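# Examination of the molecular architecture
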Amino acid sequence: MIRSIVLGFLMVFTAMPVLSRQQQYIAGTVVDSITQAALPFVNIIYNSDGQGVVSDLEGNFRILKTSRIEFLEFRYLGYGRKIIPAEEINDGKDIRAELSRISYEIDEVAIYPSENPANRIIRLASMNRLKNHPEKTGPFSYIAYEKVIFTIVRDSSAVNENGDIADANENLPDSIRFGRNLESKIDVERFLEKQHLFMMESISNRRFLSPDKDKEEIIASRMSGISQPAFTILDRQLQSFSFYDNLITIANRQYVNPISSGSTDRYFFLIEDTLYTTRLDTVFIISFRPRPDRNFEGMEGVLYINSNGYALQNVIATGSGMTNDFFDVSIEQEYDLVDGYRWFPVSLSTTIRLNNTQLPAQPGSVQLIGMGKSTFTNVDFSLPIDEDGFNEVGIVVNPDAHRQPEELWNKYRVDSLNAKELETYRVIDSIGEAQHIDRTILSFETLLTGYLPGRYINLDIMKFIDYNKFEGFRFGLGGKTTQNLSGIFVWDGYLAYSLRDKAFKYGAGITVNILPERELSIRFSYLHDVRESGGIGYQEIWNMTGSAFFRNYMIEVMDITNEAEISLGFRAIRFLTGDLYLKRSRITPSNDYRFVVSELNPGISLTRFDYTEAGLHLRYAYNETYMKTPRGNKFSLGTDYPIIYLNIAKGLKALGGGYSYYRSEIKVTRTFKTKIAGETRVALEAGMVTRGVPYSKLYAAPGSYRKFTVESEASFGAMRLNEFLSDRFLSLFLKHDFGNLLFRPAGKFRPEIVVVHNLGFGTLKYKTIHENIPFKTLEKGYFEAGLLINNLLRIQILRYGLGVFYRYGPYAFHKTIDNFAFKLTLQLNL
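Description of the structure in this document. (Residues numbered from 1 in each chain as written. Predicted model: local features only at pLDDT ≥ 70, side-chain atom pairs only at ≥ 80, totals over all residues. Heavy atoms only, no water.)

In terms of regular secondary structure, the protein is built from eight helices and 46 strands. Across the 830 residues that make up the protein, the buried fraction comes to 46%. Pairs at least 24 apart in sequence give 62% of the contacts found in the protein among residues at least 6 apart. Just so you have it, the protein exposes about 40600 Å², and 57% of that area is on carbon and sulfur atoms. (Helix = DSSP H or I, 4+ residues; strand = E, 2+ residues; numbered from the N terminus. Buried < 20%, exposed > 50% of the residue type's maximum accessible area, 1.4 Å probe, protein only. Contact = heavy atoms within 4.5 Å. Areas by Shrake-Rupley, 256 points an atom, 1.4 Å probe, with all protein chains shown as cover.)

Structure representation (structure tokens):
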């Protein structure tokens, strides 16, 4: 009996807060009167003193009933005002306010009797950026729930004569066949009424310790059509986590922040509205857009600035039109004063619209739209100052992420999944199972590592076909074993045949993973192949967005190499990787080159060279982070800091080696991004080798000249290949991309100007010991300048341009035309 009474009291007391909340607030939602889409960050004034609230990302709002509510006035940029009198506010019933869009445009010129009052508020917000920046004000942790949806609609601007949006699917084909094994056709119109094309959810736990320690664990992940997702899309990868950096990232493009220092000279600001909170703070609603006389990567949108610390409360922003026309992206951010003292993001939203998507044999265009929303809960600023658990892996997907119970999802979902979202999972999951989409995703993941996946062997896609000037076309087959065969031992090998030199090449190796978590492994290998004579190799990660690899197709002087090697790979500290090696090589030049053993005895020369070499390769990339998938694959997410490569080698007269020498190289690369000047890429490289050694151990300057060829960065565009030879050298490659800053885009014509300047110095102590091969030395310095005009033509995801390089200075040719090199530029349209 007593237990029942106690339980009854507990139930009553538990229910009282809920009943109390229902009685204390007037709540509702603000939507577009035509589309019925929720309107975020609407100003809702409720009395003549100007007090009010702002709707959240979902258009929801609530007002304390204890407030003096005289009316509800809804004000939103681009929409007509709506007023609900107090007598029409039904007690206990949610309000649904529908706002109608109106024609709205800020005047090109605004004249003020004195300074624009919005500028003063913007300067105060800029002065307080570091105080309000969530990643500059101390440690934090949070739980993030993210949902991403992709769907197809017709051009969203299409509205019929009745004022309704035209059927989103009326221009779509009558049916779509999802693969050969799915016999029935699915009516697209009916299909998209009931579900989306794709849907993804994730729950993650992020911990951050200033200034650079960042760890996010994906604890739950669900993706339509895929039973075991290997990756997830995080909203903070699509947009900057906060709106306080000098440059704001939106979908891999960077824009000048409207509250960065000096922004009032580049942006026009206008106070659109003000309201007052129950804490008696003022919220300034300020629209912004680039000034018409300024040319820079800018944004346009609306800022909600709270007078409490002049912090951002809400942000709506999109690119100002200086981006590519492949897609448009808009973002929304919402902040809250967590624990009453620190402003922190509580939700992010990203909308991506692919433009001009044309379906076959159909009139008109449709849009593929992606919508991502994130909410952050369990925000904690009391994270212990403990560096344990932070390493180079910044994002890790829990192996059990795809097996989390529904209770966990319901705990962190802001709203329950609606019928259309549930149907998306059901239908797309069944299609995914029928079409084995899991295998496709696994293939995609493995392809990013350069391999085509198999059950026991992954095939190396780079071995299938290749080309260079020396070998011509080269065909082959190579691969390595998978974890299904062994998690400790990895066997690899390849066989290739090239057409021009009519020769087979092959290699094989075995890697023993001793401590995978420390990347500690030992490797044994042997190869019979060709390598560039006088070339340098570093521990570089292949960059698919760069152009340096185009030079590989031009190489024409190579050495036939037979080599056995043992190496120890490791990660010494968080950002430092390396390998120690010992190798025995036999090098045979493919041309008539002869090496004179001694300048004092020119009659003795060699055409084959045996080396024994011990050395160390290092790579240091400060603050570089990786994403780790459940299958153990790691992908670099890059770094904004310099990357340093270092090689140190010692030639030994042991184990058959015939040369004693020291050889070392260093390379430093860095990309600088500025607010108003564009992007600068710098590559500085130097090297030296002691004593007189054959050509294969010297340094051939990396020329990439052809009368007309593809531009290859970090090489000398007007220098002939193997034109210069050094035993000590210094090279500097500078490349500055102005983007659209020099030319305002005119429709689809959006050229981007890039200037290049390269220089190189070198010496060669022993010149007479190298016979039957022409070369010059670089004591006087080599100089060249280049001008590239990118983005002249866009076809799908590729951008094409043209350029020219000109060499000048001591090594310029007498005939002017010989100093020019003309280039084709290729870029991914991302």
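Okay, a nonpolar patch on the surface next. There is a patch of nonpolar side chains on the surface, built from Phe708, Phe749, Val755, Leu787, Ile789, Leu792, Leu793, Ile795, Leu802, Ile817 and Phe822 and spanning about 960 Å² of accessible area. In terms of residue count, the dominant contributor to the nonpolar patch is strand β44 (residues 782-795) (five residues). With respect to the element layout, leucine 802 can be found in strand β45 (residues 798-808). (Patch = residues over 30% accessible without salt bridge, like charges linked within 9 Å, V, L, I, M, F, W, Y side chains within 5 Å. Salt bridge = Lys/Arg side-chain N within 4 Å of Asp/Glu carboxyl O.)

Our focus in this paragraph is the environment of lysine 697. Along the chain, lysine 697 turns up in the loop between β37 (678-689) and β38 (699-700). Lysine 697 sits in the buried class, given a relative accessible area of 12%. Remark: the alpha-carbon pair of lysine 697 and aspartate 727, spanning 30 residues in sequence, is separated by 8.5 Å. With residues up to four places along the chain from it excluded, the contact list for lysine 697 reads Tyr611, Glu613, Tyr661, Arg663 and Val689.

Any pair of aromatic rings gets described here by the distance separating the centres and the angle formed by the planes. What the rule picks out here adds up to 45 aromatic pairs. Between phenylalanine 549 and tyrosine 553 the ring centres are 6.4 Å apart and the planes differ by 90°, which places this aromatic pair in the edge-to-face class. The partly exposed category is assigned to phenylalanine 549, whose relative accessible area is 22%. With 5.2 Å between their ring centres and 70° between their planes, phenylalanine 575 and tyrosine 622 make a pair best called edge-to-face. With phenylalanine 575 in the loop between β28 (558-573) and β29 (576-589) and tyrosine 622 in the loop between β32 (609-621) and β33 (626-628), this pair connects stretches of sequence that are 47 residues apart. You can call tyrosine 622 partly exposed: its relative accessible area is 25%. Three or more aromatic residues joined by ring pairs make a cluster, and in this case those are Phe140, Tyr142, Phe208, Phe241, Tyr341, Phe344, Phe376 and Phe381. The positively charged end of lysine 823 is found above the aromatic ring belonging to phenylalanine 805, 5.7 Å away from the centroid. (Phe/Tyr/Trp six-rings, centres within 6.5 Å; stacked < 30°, edge-to-face > 60°. Lys NZ or Arg CZ within 6 Å of the ring centre and 35° of its normal.)

This part is about the environment of glycine 454. Mapped onto the fold, glycine 454 is located in the loop between β21 (451-452) and β22 (457-460). In this structure glycine 454 comes out as partly exposed when scored by relative accessible area, which is 33%. Considering only alpha carbons, one finds glycine 454 and threonine 482, 28 residues apart in sequence, at a separation of 7.9 Å.

It is worth spelling out the sheet that holds strand β4 (residues 60-64) at this point. If you walk across this open sheet you meet the three strands as β4-β1-β7, and the pairing is mixed. A strand with exactly one partner marks an edge of an open sheet, and here the two such strands are β4 and β7 (95-99). When the angles between neighbouring strand axes are averaged without regard to direction, this sheet yields 30°. With five bridges joining them, strand β1 (residues 25-32) and β4 adopt antiparallel strand pairing. From the neighbouring strand, tyrosine 25 faces β4, where its bridge partner is leucine 64. (Pairing = 2+ DSSP bridges. Axes fitted to C-alpha atoms, helices over the stretch in contact; angles between N-to-C directions.)

Time to look at the pairing of strand β41 (residues 728-739). Where a strand is regular, its side chains alternate between the two sheet faces. The sheet contact formed by β37 and β41 spans 10 bridges and is antiparallel. Paired with valine 682 across the two strands is leucine 734, which belongs to β41. Here β41 runs beside strand β42 (residues 752-763); their pairing, made up of 11 bridges, is antiparallel. The residue of β42 that forms the bridge with lysine 735 is valine 756.

We now examine the nonpolar core. Counting 33 residues, the largest nonpolar core has Phe243, Ile286, Met299, Leu303, Ile305 and Leu312 as its most contacted members. Grouped together as the second largest cluster of nonpolar side chains are 27 residues, Ile44, Val54, Phe74 and Tyr76 included. (Core = buried A, V, L, I, M, F, W, Y, C linked by side-chain atoms within 4.5 Å.)

What helix α2 (residues 117-127) keeps buried is the set Ala118, Asn119, Ile121, Ile122, Ala125 and Ser126. Down the axis, α2 shows its buried residues gathered within 165° of arc, on one side only. The elements touched by buried residues of α2 are α3 (129-132), β13 (267-276), β14 (282-290) and β15 (299-306). One side-chain oxygen at the N-terminal end of α2 lies 3.0 Å from the backbone nitrogen of alanine 118; it belongs to asparagine 116. (Arc of directions from axis to C-beta. Polar contact = N/O pair within 3.5 Å; in protein donor to acceptor, adjacent residues only side chain to side chain.)

Two side chains bearing opposite charge may form a pair once their charged atoms approach each other closely. Under the defined criterion, the tally for this structure stands at 40 salt bridges. Between lysine 667 and glutamate 540 there is a salt bridge; the shortest N-O distance is 3.1 Å. In this pair, lysine 667 sits in strand β36 (residues 661-674) while glutamate 540 sits in the loop between β27 (520-532) and β28, placing the two residues 127 residues apart along the sequence. Since its relative accessible area comes to 11%, lysine 667 is described here as buried. For glutamate 540, a relative accessible area of 44% translates into the label partly exposed. Here the salt bridges share partners, and the residues they tie into one network are Glu471, Arg474, Asp501, Lys505 and Asp529.

Spatially, four strands are ordered β3-β2-β5-β6 in an open sheet, and the strand pairing comes out antiparallel. Strands with a single pairing partner mark the edges of an open sheet, and in this sheet they are β3 (52-54) and β6 (82-85). Geometrically, the sheet is characterised by an average inter-axis angle of 20° between neighbouring strands, direction not taken into account. The pairing of strand β5 (residues 71-75) with β6 spans four bridges and is antiparallel. Each residue of the ladder has a partner; that of phenylalanine 74, found in β6, is lysine 82.

Where strand β35 (residues 643-652) meets β36, nine bridges bridge the pair, whose relative direction is antiparallel. Bridge pairing in β36 links alanine 649 to arginine 663. Judged from the 12 bridges that link them, β36 and β37 form a sheet pairing that is antiparallel. Bridging from a neighbouring strand, threonine 674 pairs with glycine 678 of β37.

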